[in-house]
Amino acid sequence: MSSGGDRLLSPGLIPPSLWDSASGVLSLPPTLAEIYERLIDVRGLRELADRRGTDESPVGGHTQERTDQHFAQAFDGSVARTQLALIDPKNDTPRASNAFFSCLAGNRVSLTDAPCGAGAAAFGFLATIAELRAQGVVPRQPLDIHLIGAELSEPAREYARTILDDLRPFLEEQAITVEGEFVPWDVSDALSNTDLITRMTLSAARNPKRLLVVANFSGFLARHGKLKEARPRLEELLRHASGRSSVAIWIEPNMKLATGKEGLLPKVWELVKGPWQRFVRGSAREETPAPIAISSAKFLLPLKSGETARVTLAVVALDLVRGE
Amino acid sequence: MKPSRPGVLAVRAVNQYRRRDVLTYLSLRYYLHNSAARSDTWARQVATDLVQTRTDLPYFRAHHFKEANGGGGIEHRPVFLPGANEALAEAALLDACAENPEAFRAPSCVFSYRLSHGRERAGIFQHYFEGLRERQNAIAEACDAFPDGIVLYTDVKRFYPSIGTELARNAWIKQADLAGLPGGYRDLGEKLIHEHGRAGDPGRNSILTGPMLSHLLGNLVLRELDDVFCEDLPARYFRYVDDIVLVGDAQAVADSLRMVRGRLDDAGFTLHDDDSPKTFRTPASKWVEARNDFRRSRGGYSWMTLVADLKRFLLMYPGKREELQNAFRDEDFRIPVRDYTGAVHEASTAERILDLAKRPWFRRKSQQISVGSILEQARWLREAYRRGFLRLAEGAEDLTGFDRKRRIPRLRFNLGRLIYLGTEDALHNLAPQAERFPELHFHAQIMKAVASGNIDPVLPLGTNAAQGAAQPLKAAGKKVYTKLLDLPEAEEQSLAVFLLNGVPVSRPQVPKHPGSELMQFATTGVDRDLMKSQLPFMREIACLHGLADQPRHPELLDTVFDEDEDLVLDAIEQLQQSVSG
């Protein structure tokens, strides 16, 4: 895995379709933004989207209502957060950025997004990579993704399937083929976790590179006090995902729940330094404080022309390699 | 933002593969058209990782002309061309090897495939001509030391195909461990060797002819023997790829030959027999007449000066490209005039020219270069090479042994340049004279095709010959034709090369279907199906090209990648690459 020293994507090469360097504003990948807007209108969610507040984003849930609320009011921010980690225009998260590019440059990749929600993380970086290819920034090497989207909410999984169907032609134009499956997953249920791990293992047999993305989980794990309960499942997930050419990237908003002293990411880092060290590694095990990279930017709201919102990012890139 | 100047590794890969074959070169150009992929960091981290984690074998099996075997038959050499990503990964891998000369530099008696290092950009390896010239000088010194001695030439049979993957792997691991190569690079080399064995022709399990790594492996597998031969033979030993030269007293040479033959045999290699035409002797006193054969010419103009002035002119005046091209065409010259616009407008080049312009010699030199001065050189050289060829060809058909070995390269030297400089009438008249020499078959067929526009003499030879003809024909703006209806694989590949270059080809009938995927790629561009080709090489190059109604190949071949991209003249280079392995 890359060291994050030299950037694989120099900020100066980010095209205007994704980043306005003069104003410091992100734009979501145009194709994904169009698909999102179309789906919002098809599902009659425009009004719900307009009621978006400036307080904490909705976390989502397994009902249609809560899923719709999250989709209408937070999906774009989740996409922007992932995009920020990938293209890192301010050079705040070079290690994560390099890890993404190394994983997603080509070949066969097993990509697990857990929890995937409506697919903001996975589609965020796939659509961004595709846009970078379309703009002549990164080469169009054949990239075959087997995507496993693991999510408790069936309505969210259904959104993810729909978005993938609409996004697929654009991805394929840029030599990215995606075979996607969206499966139910409850992080606190051992059997559910076993099913997911089984799928990941089967996928890894055909796909030598593995990327595990955990995104926007702090709301559920930290706010609802689920980390202790989920910890053994997360450990299993990371352990089974570990091996050669395996990487995990954990993305959260930069908020107290995620990055505060008792926040999720520092707790995860303590596990990495401690009981997880045989199969997970950060940039340096001894690093203190935890190597959590922080960034933020404004992004153009895809549903409100000309308006922006702020997105914050906290990200940790982990090598899932077997150690001593 | 305009992309910054490419890294050293990208330029090396482009220069090296430009000489090998147009297909990998095109693939690299499409890859490196992307701004982030041009950095050394990308080559070292991404390209190498992609080779390590790939599950397919993206090689294209091309037919290259090897030799005419008398009676009208053609012998091809199968060349396995890597795709762009592997070519770039190779550049990174071999650069890492170059950082460890004690493990990877060949002994001083070996003159071929020396790794580039530092800021050198001419290729992954240093230019072959430097090694040839050094070898010539070294042999001359040995002849001086043994004025009554003999010089013996011999050759290893089928050198690269004889290198099994197990032998290559062992040699690689030994040197990688000696160098302390980081694990990633060590494993990468091992993986590539393993995949050579899988990708090659069935039953062979040897390293591939085509990728640059094979040339390093060729030096590594002979490393121990070279060390012994350099130091311990009674005669002096010189090796260039598979060519071996021994210099010394007759008995010393005989004893050395026996030792070399025996040790090579033990290692799985076979020298040509004593009665083979590839093995011959000449007295040292006679050999020394050839000592200056590789010296640069003095007096008058030279090919080097013409090419250097051409490049300098286009760097300084990229907007005058069309003017120069028209001037060439008006006088029946067919030198390619490439577009340096993209390279020149980059900040580093402009700054450099501004800096150079402060120096009187540069201003003096730049004032001297013009369309007129370049044409004057071309006219002078055209006549010099025509006369040179006629003088050298007279009575040369009956030459044998060392005399013939000296004469043939000089004939090729003149013919290769005449393909770009000679009038159509001159080529038409000289081609039959060239055909009297089997070793000049390659050049003779190209001359016929260039003079007449009928490419049928070239099509059966293979892609290297096709590129040797296509480049000057494109520069001349000439339309060509073929009468062939059926196209076996070599012919079809060759035809595709003409089309890739943008040479308009008239065919007896337009086929309903494009034929092979290569032909489709060359003629109609890329569609979604080609991007999903089951042939990994074609899939990669099609994806890198991207969906388009029209292929972009001719315009890409017209532009340079970087100001340090060499002007490669294929009718000269392609056969040299074949001869050098």
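To keep things clear, this report deals only with the structure shown in the data block. (Residues numbered from 1 in each chain as written. Chains lettered and ligands numbered in written order. Predicted model: local features only at pLDDT ≥ 70, side-chain atom pairs only at ≥ 80, totals over all residues. Heavy atoms only, no water.)

### Side note on helix H3 (residues 64-73) of chain A
Given 3.6 residues per turn, any residue in an α-helix points the same way as the ones three and four places further on.
Here comes step 1: Along H3 of chain A, the residues that are buried comprise Thr67, Asp68, Phe71, Ala72 and Gln73 of chain A.
Here comes step 2: Looking at the packing, one finds that the buried side of H3 of chain A touches helix H1 (30-42), helix H2 (46-50), helix H4 (75-87) and helix H7 (154-173) of chain A. (Buried < 20%, exposed > 50% of the residue type's maximum accessible area, 1.4 Å probe, protein only. Helix = DSSP H or I, 4+ residues; strand = E, 2+ residues; numbered from the N terminus. Contact = heavy atoms within 4.5 Å.)

### Focus on the state of the cysteines
Defined simply, a disulfide is a covalent bond joining two cysteines at their sulfur atoms.
Here comes step 1: Across all of its chains, the model carries 1 disulfide over all chains by this definition.
Here comes step 2: At a sulfur-sulfur separation of 1.5 Å, the disulfide partner of Cys109 of chain B is Cys230 of chain B. Disulfide Cys109 of chain B to Cys230 of chain B: torsion about the S-S bond roughly -70°, handedness left-handed. Residue Cys109 of chain B is found in the loop between helix H5 (101-104) and helix H6 (128-145), and its partner Cys230 of chain B is found in helix H10 (residues 223-232); the two are separated by 121 residues along the sequence.
Here comes step 3: Free cysteine: Cys103 of chain A, not disulfide-bonded; nearest cysteine sulfur from Cys116 of chain A at 18 Å.
Here comes step 4: Given a relative accessible area of 8%, Cys103 of chain A falls into the buried group.
Here comes step 5: Here Cys143 of chain B is not cross-linked by a disulfide; its sulfur's nearest cysteine counterpart is in Cys109 of chain B, at 16 Å.
Here comes step 6: For Cys143 of chain B, a relative accessible area of 2% gives the class buried. (Disulfide = S-S within 2.5 Å.)

### A look at the sheet that holds strand S4 (residues 236-240) of chain B
Residues and elements named next belong to chain B.
Here comes step 1: Reading across the sheet, the 4 strands line up as S4-S5-S3-S6 and stay open at both edges, with antiparallel pairing between neighbours. Two strands lie at the open edges of the sheet, namely S4 and strand S6 (280-283), each paired on one side alone. Averaged over all neighbouring strand pairs, the angle between strand axes comes to 20°, with direction disregarded.
Here comes step 2: Bridge count for S4 against strand S5 (residues 243-248) is 5 bridges, and the pairing is antiparallel. Bridging across to S5, Tyr237 finds its partner in Leu246.
Here comes step 3: Of the strands in this sheet, strand S3 (150-155), S5 and S6 are in contact with helix H11 (residues 250-266), which crosses S5 at around 150°. (Pairing = 2+ DSSP bridges. Axes fitted to C-alpha atoms, helices over the stretch in contact; angles between N-to-C directions.)

### Describing the packing of aromatic side chains
Here comes step 1: Under the counting rule described, the total for this entry stands at 24 aromatic pairs over all chains.
Here comes step 2: Note on Phe71 of chain A and Tyr159 of chain A: the rings are 4.1 Å apart at their centroids and 10° apart in plane angle, and the pair reads as stacked. Of this pair, Phe71 of chain A sits in helix H3 while Tyr159 of chain A sits in helix H7, and the two are 88 residues apart along the sequence. Tyr159 of chain A shares its class with Phe71 of chain A; the two are buried.
Here comes step 3: What links up through ring pairs into an aromatic cluster is the set Tyr36, Phe71, Phe75 and Tyr159 of chain A.
Here comes step 4: Over the ring of Tyr317 of chain B we find Lys320 of chain B; its NZ or CZ atom is 5.0 Å from the centre of that ring.
Here comes step 5: Against the face of Phe413 of chain B rests Arg417 of chain B, its NZ or CZ located 3.7 Å from the ring centre. (Phe/Tyr/Trp six-rings, centres within 6.5 Å; stacked < 30°, edge-to-face > 60°. Lys NZ or Arg CZ within 6 Å of the ring centre and 35° of its normal.)

### Side note on the environment of Leu499 of chain B
Residues and elements named next belong to chain B.
Here comes step 1: As for its position among the elements, Leu499 is in helix H23 (residues 489-500).
Here comes step 2: Taking the C-alpha atoms as reference points, Leu499 and Asn414, 85 residues apart in sequence, are found 27 Å from one another.
Here comes step 3: Apart from residues lying up to four places away in sequence, Leu499 is in contact with Val505, Met519, Ala522, Thr523 and Pro554.

### Re the environment of Glu489 of chain B
Residues and elements named next belong to chain B.
Here comes step 1: Secondary-structure assignment places Glu489 in helix H23.
Here comes step 2: For the pair Glu489 and Gly462, spaced 27 residues apart in sequence, the C-alpha to C-alpha distance is 9.1 Å.
Here comes step 3: Within polar-contact distance, the side chain of Glu489 engages the side chain of His63 at 2.7 Å. (Polar contact = N/O pair within 3.5 Å; in protein donor to acceptor, adjacent residues only side chain to side chain.)

### Some remarks on the pairing of S6 of chain B
Residue and element names in this part refer to chain B.
Here comes step 1: The alternating pattern of S6 places Phe280 and Thr282 on a buried face, while none of Arg281 and Pro283, on the opposite face, is buried.
Here comes step 2: With 4 bridges connecting them, S3 and S6 associate as antiparallel partners. What sits directly across from Val151, in S6, is Thr282.

### Observations concerning the side chain of Gln471 of chain B
All names here are of chain B.
Here comes step 1: Within the secondary structure layout, Gln471 lies in helix H22 (residues 463-476).
Here comes step 2: Its relative accessible area of 8% is what places Gln471 among the buried residues.
Here comes step 3: Excluding residues that lie within four positions of it along the chain, Gln471 makes contacts with Arg18, Pro336, Tyr420, Val568, Leu569 and Asp570.

### Observations concerning the sheet that holds strand S6 (residues 209-215) of chain A
Residue and element names in this part refer to chain A.
Here comes step 1: Read across the open sheet, the 9 strands follow the order S1-S2-S8-S9-S7-S6-S3-S4-S5; overall the sheet is mixed. On the outer flanks of this sheet lie strand S1 (19-20) and strand S5 (176-184), each paired with one strand and no other.
Here comes step 2: For strand S8 (residues 293-300) and strand S9 (residues 308-319), the ladder comprises 8 bridges, and the chain directions are antiparallel. Each residue of the ladder has a partner; that of Ser296, found in S9, is Thr312.
Here comes step 3: Along the sheet, helix H10 (residues 227-241) contacts S6 and strand S7 (246-252); its crossing angle with S6, the most-contacted strand, is approximately 160°.

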